[in-house]
Structure formats: C-alpha cells, structure tokens
Amino acid sequence: LLINRNNSMQAQVETYSERVDALNIKLERERVRLTKQFVAMEEAIAKIQANFNSLDLSIFNSNN
C-alpha cells in the first residue's frame, strides 16, 4: 500500500514539475515579448521628443 501511495505521489510530483517547466517557458516568452514592446515604445517616445525638440528649435530660430 505504501509503495503504491509513494509511486502515486511521485507521479504527481513529476506532473507538477512538468507543468512548472511549461509555465516557466511560457512566462519567459511573454517576458521577452513585453521587453521588446517596451523597448519599441521607448524608442518611439525618444523619436517624438527629438521631433518636438527640433520643432521648438525651429520656432525659436524663427522668432529671433
């Protein structure tokens, strides 16, 4: 009885371990996707800021 119970528990541990591994892979993929998205947004913000700075300089030079 104890051997059967032990085998059953070991099978559950292995199943949960596989699930954890699968979730870790999924989380890593999501982390990579979100990091790429964040970097792209940061680059877009930097370009917008550069455009505004250029526009401000153009307006300043026009007024002087």
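First things first, this report covers the structure right here in the doc. (Residues numbered from 1 in each chain as written. Predicted model: local features only at pLDDT ≥ 70, side-chain atom pairs only at ≥ 80, totals over all residues. Heavy atoms only, no water.)

## Digging into the overall build of the chain
A count of helical and extended segments in the chain gives one helix and zero strands. Against the globule reference of 11 Å for 64 residues, the chain gives a C-alpha radius of gyration of 28 Å, more extended than a compact globule. By residue count, 0% of the 64 residues in the chain fall in the buried class. A total accessible area of about 6,200 Å² is found for the chain, and carbon and sulfur atoms account for 60% of it. (Helix = DSSP H or I, 4+ residues; strand = E, 2+ residues; numbered from the N terminus. Rg over C-alpha atoms; globule rule 2.2 N^0.38 Å. Buried < 20%, exposed > 50% of the residue type's maximum accessible area, 1.4 Å probe, protein only. Areas by Shrake-Rupley, 256 points an atom, 1.4 Å probe, with all protein chains shown as cover.)

## Quick look at a nonpolar patch on the surface
Together, Ile 48, Phe 52, Leu 55 and Ile 59 make up an exposed nonpolar region whose accessible area comes to about 390 Å². Within the fold, Ile 59 resides in helix H1 (residues 2-63). Judged by its relative accessible area of 45%, Ile 59 is partly exposed. (Patch = residues over 30% accessible without salt bridge, like charges linked within 9 Å, V, L, I, M, F, W, Y side chains within 5 Å. Salt bridge = Lys/Arg side-chain N within 4 Å of Asp/Glu carboxyl O.)

## Side note on the pattern of salt bridges
Counted by the stated rule, this structure contains two salt bridges. A salt bridge links Arg 31 to Glu 28; the shortest N-O distance between them is 2.6 Å. On the criterion of helical spacing, the pair formed by Arg 31 and Glu 28 is a turn pair, its members being three residues apart in helix H1. Residue classification places Arg 31 among the partly exposed positions, given a relative accessible area of 45%. With its nearest N and O atoms 2.6 Å apart, the salt bridge here joins Arg 33 to Glu 30. Of this pair, Arg 33 and Glu 30 are both found in helix H1, three residues apart, which corresponds to roughly one turn of the helix. A relative accessible area of 43% means that Arg 33 is categorised as partly exposed. Glu 30 gets classed as partly exposed once you look at its relative accessible area, which sits at 35%.

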